[in-house]
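Reading the structure
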Amino acid sequence: MSVLHELDELLCSDDDEYDRLDLFHEADELIGQLRTADVPALLQLWQQRGLSWQQRYTQACSSIDGAVLRALLAGLLEIKEANYGVFELMSRLPATADASPLSDALLDYAGQAWHADQARQQQIQISCWSCGLSGRLLKRLGLSSWKEAGL
């Protein structure tokens, strides 16, 4: 059984079983074994599965490989219907942002979300702060501080 197939079965587990057996740790181990070649199939699963599956994935991905994380984020940014995952996964990026196309795309996404959904502004700020994009987002928003933004 492939790592991705095993992970999918685990994340699809019954709520009681997932919690009772503490399958979070096993999911984290499997996520750590994923490679960039698995990302296209992972993105397909992301679109096919529900919010519970996605939440379990993002909560259990502390050992995710950096290249897998960047490829997954880039793929999620391409999926217009993806309403969950980008901000949750951004906290897994290194704390210092780079000048990559992915960082620029994340900033664009954050800026659009900032204006589209005021209820998520604090989450957006925290996600950008956790990966070093906070200052660059402030500039894009034309703000001098988070206090000026109301946070």
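Everything here concerns the structure above.
Structure report, in brief. Note that the structure is a prediction, hence the values are computed from the model and not measured.

Time to look at the overall build of the protein. Helix and strand content of the protein: 10 helices and zero strands. In the protein, the succession of α and β elements from N to C terminus is α-α-α-α-α-α-α-α-α-α. By the compact-globule yardstick of 15 Å for 151 residues, the protein fits well, its C-alpha radius of gyration being 16 Å. Projected onto its principal axes, the C-alpha positions of the protein cover 50 × 30 × 25 Å. The burial tally for the protein puts 44% of its 151 residues in the buried class. Relative to all contacts within the protein whose residues are 6 or more apart in sequence, the contacts with residues 24 or more apart total 68%.

It is worth spelling out the nonpolar core at this point. Leu7, Tyr57, Leu76, Leu89 and Leu106 are the most contacted members of the largest nonpolar core, which has 50 residues in total. Look past the residues within four positions of leucine 89 in its chain and what remains in contact with it is Trp46, Tyr57, Thr58, Cys61, Leu69, Leu72, Leu73 and Leu76.

The end-to-end C-alpha distance of helix H6 (residues 66–78) is 19 Å, a good match for the 18 Å that 13 residues give at a rise of 1.5 Å each. Summarising the contacts, the buried residues of H6 are in contact with helix H4 (39–48), helix H5 (51–59), helix H7 (86–90) and helix H8 (101–116).

Further remarks concern the packing of H4 against H6. Here H4 crosses H6 at 45°, and the two axes come no closer than 10 Å. It follows that H4 is oblique to H6 by the angle criterion. The chirality of how H4 crosses H6 is right-handed. Two secondary-structure elements touch here, H4 through Val39, Leu42, Leu43 and Trp46 and H6 through Val68, Ala71, Leu72, Gly75 and Leu76. When its residues are assigned to classes, the contact of H4 with H6 shows eight nonpolar, one polar and no charged.

Applying the stated criterion to the full structure yields five salt bridges. The salt bridge partner of aspartate 15 is arginine 56, with a shortest N-O separation of 2.6 Å. With aspartate 15 in helix H2 (residues 15–20) and arginine 56 in helix H5, this residue pair connects regions lying 41 residues apart in the sequence. Arginine 56 gets classed as buried once you look at its relative accessible area, which sits at 6%.

What the rule picks out here adds up to five aromatic pairs. With a centroid separation of 5.6 Å and an interplanar angle of 80°, the aromatic rings of tryptophan 46 and tyrosine 57 are classed as edge-to-face. Here tryptophan 46, found in helix H4, pairs with tyrosine 57, found in helix H5; they are 11 residues apart in sequence, far enough to count as distant. The pair tryptophan 46 / tyrosine 57 is uniform in exposure class, with both members buried. The interplanar angle of 55° and the centroid separation of 5.5 Å between the aromatic rings of tryptophan 114 and tryptophan 146 together place this pair among those described as tilted. Taken together, the residues tryptophan 114 in helix H8 and tryptophan 146 in the segment after helix H10 (134–141) connect sequence positions 32 residues apart.

Rules of the game
Residues numbered from 1 in each chain as written. Predicted model: local features only at pLDDT ≥ 70, side-chain atom pairs only at ≥ 80, totals over all residues. Heavy atoms only, no water. Helix = DSSP H or I, 4+ residues; strand = E, 2+ residues; numbered from the N terminus. Rg over C-alpha atoms; globule rule 2.2 N^0.38 Å. Buried < 20%, exposed > 50% of the residue type's maximum accessible area, 1.4 Å probe, protein only. Contact = heavy atoms within 4.5 Å. Core = buried A, V, L, I, M, F, W, Y, C linked by side-chain atoms within 4.5 Å. Expected span 1.5 Å × (residues − 1). Axes fitted to C-alpha atoms, helices over the stretch in contact; angles between N-to-C directions. Parallel < 35°, antiparallel > 145°, perpendicular 65-115°, else oblique. Left-handed = near helix turned anticlockwise from the far one by under 90°. Nonpolar A, V, L, I, M, F, W, Y, C, P; charged D, E, K, R; others polar. Salt bridge = Lys/Arg side-chain N within 4 Å of Asp/Glu carboxyl O. Phe/Tyr/Trp six-rings, centres within 6.5 Å; stacked < 30°, edge-to-face > 60°.

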